[in-house]
Amino acid sequence: METKNLVQVQPDLLPLKTFEEKFSVALTGTKLPKADYEDIKETLRLIMLKIGLRAVNIPVDEDKTVLIHYIVTGYSNHTLDEVRLAFDLALSGKLFIEVNCFENFSCLYFSGIMNAYRVWASKAYSFVKNKRKQLPP
């Protein structure tokens, strides 16, 4: 009889099933003004890779500094996890917005995704809130 080494998956490593569940978790993350600058840069790099922005068009130096300042001040009530979720939702076609940045990842482009995310989030928040009320104490 042959035995196989089975690795038990940690419960916290299991993928969440819905965007609403991901949203609920994302709300508990670190707000943008308190996030580490390097974590913000890494999140932006990940987003830019996901949307297919070519390396030659990735904002550098002064452009990146302006972009990060704009994000932190204009979206200070959001978390890094929400920013990642917003772009995942956009890429999945769940937000009503054009995802193609036309090789120009700008403050305007970021705002468009995040504002569409806010519309989605207001509905998701109501859904999550109602779902919690239905759970037994």
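Residues numbered from 1 in each chain as written. Predicted model: local features only at pLDDT ≥ 70, side-chain atom pairs only at ≥ 80, totals over all residues. Heavy atoms only, no water.

Looking at the nonpolar core
Phase 1 of the analysis: Core analysis: the biggest nonpolar cluster contains 36 residues, and Leu44, Phe87, Phe105, Phe110, Tyr117 and Trp120 have the highest contact counts within it.
Phase 2 of the analysis: If you list the elements that add at least two residues to this core, you get α1 (19–26), α2 (37–51), α3 (61–74), α4 (80–91) and α5 (107–134).
Phase 3 of the analysis: Residue contacts for Leu44: discarding those within four places in its chain leaves Leu67, Ile68, Ile71, Phe105 and Phe110. (Core = buried A, V, L, I, M, F, W, Y, C linked by side-chain atoms within 4.5 Å. Buried < 20%, exposed > 50% of the residue type's maximum accessible area, 1.4 Å probe, protein only. Helix = DSSP H or I, 4+ residues; strand = E, 2+ residues; numbered from the N terminus. Contact = heavy atoms within 4.5 Å.)

Examining the side chain of His78
Phase 1 of the analysis: Position of His78 among the secondary structure elements: in the loop between α3 and α4.
Phase 2 of the analysis: Judged by its relative accessible area of 8%, His78 falls in the buried class.
Phase 3 of the analysis: A distance of 3.0 Å separates polar atoms of two side chains, one belonging to His78 and the other to Arg118.
Phase 4 of the analysis: Once you skip the residues sitting within four places of it in the chain, His78 turns out to touch Thr30, Lys31, Leu32, Met114, Tyr117 and Arg118. (Polar contact = N/O pair within 3.5 Å; in protein donor to acceptor, adjacent residues only side chain to side chain.)

A look at the packing of aromatic side chains
Phase 1 of the analysis: By the definition in use, this model includes nine aromatic pairs.
Phase 2 of the analysis: Ring geometry for Tyr75 versus Phe110: centroids 5.6 Å apart, planes at 75°, classification edge-to-face. Taken together, the positions of Tyr75 in the loop between α3 and α4 and Phe110 in helix α5 put the pair 35 residues apart, joining distant regions of the chain. By the burial criterion, Tyr75 is buried, and Phe110 matches it.
Phase 3 of the analysis: Grouped by ring-pair contacts, the aromatic residues Tyr70, Tyr75, Phe87, Phe105, Tyr109 and Phe110 constitute a single cluster. (Phe/Tyr/Trp six-rings, centres within 6.5 Å; stacked < 30°, edge-to-face > 60°.)

Re unusual backbone geometry
Phase 1 of the analysis: Here the phi dihedral of Asp61 falls at roughly 40°; this positive angle occurs in a residue that is not glycine.
Phase 2 of the analysis: Looking at where Asp61 falls in the secondary structure, it is placed in helix α3.
Phase 3 of the analysis: Positive phi values are uncommon outside glycine, yet Glu103 reaches one of about 60°.
Phase 4 of the analysis: Using a relative accessible area of 29% as the deciding quantity, one classes Glu103 as partly exposed.

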